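# Architecture at a glance
Chain by chain, the residues run as shown.
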Amino acid sequence: MTTPTVKDTALAPAALALGDDALVLSHRLGEWAGNAPVLEEEVALANIALDLLGQARMLLSMVGDEDELAFLREERAFRNLQLVEQPNGDFAHTIARQLYFSVYQHLLHTQLADGDGPFAALAAKAVKETAYHRDHAEQWTLRLGDGTEVSHDRMQQAANALWRYTGEMFQPVEGLDIDWTALQTAWLEQIEDVLRRATLSVPEGPRTGAWSAGAGRQGLHTEPFGRMLAEMQHLHRSHPGASW
Amino acid sequence: MATAAAHETARSQPSGAPESADDSTAEFQRAFDAAVAADERIEPRDWMPDGYRATLIRQIAQHAHSEIIGMQPEANWITRAPSLRRKAILMAKVQDEAGHGLYLYSAAETLGTSRDELLDKLHSGRQKYSSIFNYPTLTWADVGAIGWLVDGAAITNQVPLCRCSYGPYARAMVRICKEESFHQRQGYELLLALSKGTPEQHEMAQDAVNRWWWPSLMMFGPPDDESQHSAQSMAWKIKRHSNDELRQRFVDICVPQAESLGLTLPDPDLKWNEERGHYDFGPIDWSEFWEVLKGNGPCNEQRLSRRRRAHEEGAWVREAAAAYAAKHTTGGPGRQSDVDGTTGAHHAANANGENVNGETGAKRA
């Protein structure tokens, strides 16, 4: 088996971190196709998945062949956050994952777009997409949190369950000129504001998972991720060297 | 639309009770017949015969249901698409189908039904969807075969519907046909890549075409002499060509395309008939068609139960959206008019639906 080559070592850590986040979350959202609670959400979730896939393709292509990187890397070589690989669960879990990630990604893209680094142009384009993703997640958090008793409970449980994966988002990524402390402060403010308006309480407890903080960025993932990759990579790997 | 406007007074429903119901109906019927004869569009507020309305609701609903059930066999391959480019194309295509479902349910709603009512009928088996989606997608090549053959057959069926006498349906079809033709080209291109690829890829493509060819021909419905609804629909200009005419048109288009693909259509009787100016083709196994229609196809049970499950599992979400909308609506007339109580959900994705309409998945990919 060929090991994918990563071209530019200076850009690689950041391109892989951001690219893998987008790739993996896009894949998870793609699993909703045909299963969404209402037809409009089939369209909306696919739209977000497509935006993220577009971002992933650009980022991965900066440092190698997008398909080799997506389909031929082993689990330990992926640099995405553990948050984005978490299974879809019910709609509330998907929305909680979207809320936590899209607020983060929007803040990140805003800072990157304001700078003059190698990701500025890409972030300037992506920030418009992520603003929509954030609004979508926020609107649904409000509806579910402040909807029925059942939806309130489900949304609270989902927000609690995924809370432990939010800490690693603020571990510095090599090659990104970001004020991580400010990013975290802004993220907490925005999340607390949305949850409060949704009549939900801000989860308590640690914001890091079983591994140390930054685990996903170091290639340490959770069990469901291996199965996700097995499904995603199976066909490509079954036909070595084929074009599609 | 000047002519349509001239008929408007004669065709529009009266607001008060007519002086004599019989006279009035006869007059509306004459205006309706004249409009159909003159190839004008019938619009939602126009008077129309009950049978015309019922036929349209049945047909548009079946079409809408086919779009949303049709997402399943293709979504089956989203998570396994072998390249990121193909994955983007496939996700965009499945998204387009959801969008088509939305336009079509909206077109049906102009006839006085609701999406919820139609979904109920789908879930309880009282309304059908296209039988083609009761076949499984066993390999990646099936995604290409569906694009090339199934979407190709759908386009052949649907292009004439752009001239259907009922305005909202005809306009929805214009939009849908544009997107379907992207899908068909993408399917063809996918198969071409496989056909010219490794021997294993070529074999995968041929196998898929072998399995999808005959079911695609059945998509045009039973032969003309056995077709239940055809004659009346032709008279109403809901339908413009007979099943057999459309089927022949499709075969004539596919034969040269299969040659360019380097693939064989699985019919030893396929040959050019100089005299007719068409390709002759072998007999279709209609017993298979009727079996699948009765519910005995390979995936009938699976498709319907998955659809029901998605709907049931989403009930709490739709209820939450309705409850939230009720709490936060301050009497805005627009939002209260929502028929199925999921104002919030609709509202949320509307902006997004626009996005899809303006910028098709195919272009994005």
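Read on for a plain summary of the structure. All values reported here derive from a predicted model rather than from experimental measurement.

## Quick look at the overall build of chain A
Helix and strand content of chain A: nine helices and zero strands. Along its sequence from the N terminus, chain A presents helices and strands in the succession α-α-α-α-α-α-α-α-α. The C-alpha atoms of chain A give a radius of gyration of 17 Å, which matches the 18 Å a tight globule of 244 residues would have. Projecting the C-alpha coordinates of chain A onto the three principal axes gives extents of approximately 55 × 40 × 35 Å.

## A short note on the overall build of chain B
Scanning chain B from terminus to terminus reveals 17 helices and two strands. Among the 365 residues that make up chain B, the fraction classed as buried is 55%. Expressed as a percentage of contacts within chain B between residues at least 6 apart in sequence, the contacts between residues at least 24 apart total 76%. Entry remark: accessible area of chain B is about 15,800 Å², with carbon and sulfur atoms responsible for 52%.

## Describing the interface of chain A and chain B
Residue-level contacts link 51 residues of chain A with 56 residues of chain B. A combined buried area of about 4,600 Å² lies between chain A and chain B, and 65% of that area is made up of carbon and sulfur atoms. At the surface where chain A touches chain B, the tally comes to two salt bridges. One salt bridge connects Arg 115 of chain B with Glu 40 of chain A, and the closest N-O pair in it is separated by 2.6 Å. Linking chain A to chain B there are 15 residue pairs in polar contact (both at pLDDT 80 or more). Elements with a minimum of two residues in the side of chain A that touches chain B: helix 1 (12-30), helix 2 (39-63), helix 3 (66-71), helix 5 (91-114), helix 6 (120-145), helix 7 (149-163) and helix 9 (223-238) of chain A. In terms of residues, the side of chain A that touches chain B owes the most to one element, helix 2 of chain A, which gives 14 residues. Counted by class, the side of chain A that touches chain B contains 26 nonpolar, twelve polar and 13 charged residues.

## Structural notes on the pattern of salt bridges
For side chains bearing opposite charge, pairing can occur when the charged atoms are close. Inspection of every chain in the model, using the stated rule, returns 27 salt bridges over all chains. Residue Glu 66 of chain A pairs with Arg 57 of chain A through a salt bridge whose shortest N-O separation is 3.1 Å. Like Arg 57 of chain A, Glu 66 of chain A is buried. The salt bridge involving Glu 117 of chain B is made with Lys 121 of chain B; its shortest N-O contact spans 3.9 Å. Of this pair, Glu 117 of chain B and Lys 121 of chain B both sit in helix 6 (residues 115-123), separated by four residues, roughly a single helical turn. For Glu 117 of chain B, a relative accessible area of 37% translates into the label partly exposed.

## A closer look at helix 9 of chain A
Because an α-helix packs 3.6 residues into every turn, residues spaced three or four apart end up facing the same way. Between its first and last C-alpha, helix 9 of chain A extends 23 Å over 16 residues, near the 22 Å set by a 1.5 Å rise per residue. Along its length, helix 9 of chain A reaches its greatest deviation from straightness, about 40 degrees, at Met 232 of chain A. Considered for burial, the residues of helix 9 of chain A that qualify are Phe 225, Met 228, Leu 229, Met 232, Gln 233, Leu 235 and His 236 of chain A. Close packing links the buried residues of helix 9 of chain A with helix 1, helix 3 and helix 4 (82-85) of chain A together with helix 5 (84-109) of chain B.

What counts, and where the lines are drawn
- Residues numbered from 1 in each chain as written.
- Chains lettered and ligands numbered in written order.
- Predicted model: local features only at pLDDT ≥ 70, side-chain atom pairs only at ≥ 80, totals over all residues.
- Heavy atoms only, no water.
- Helix = DSSP H or I, 4+ residues; strand = E, 2+ residues; numbered from the N terminus.
- Rg over C-alpha atoms; globule rule 2.2 N^0.38 Å.
- Buried < 20%, exposed > 50% of the residue type's maximum accessible area, 1.4 Å probe, protein only.
- Contact = heavy atoms within 4.5 Å.
- Areas by Shrake-Rupley, 256 points an atom, 1.4 Å probe, with all protein chains shown as cover.
- Buried area = accessible area lost by both parts, 1.4 Å probe.
- Salt bridge = Lys/Arg side-chain N within 4 Å of Asp/Glu carboxyl O.
- Polar contact = N/O pair within 3.5 Å; in protein donor to acceptor, adjacent residues only side chain to side chain.
- Nonpolar A, V, L, I, M, F, W, Y, C, P; charged D, E, K, R; others polar.
- Expected span 1.5 Å × (residues − 1).
- Bend = angle between axes of the 7 residues up to and from the residue.

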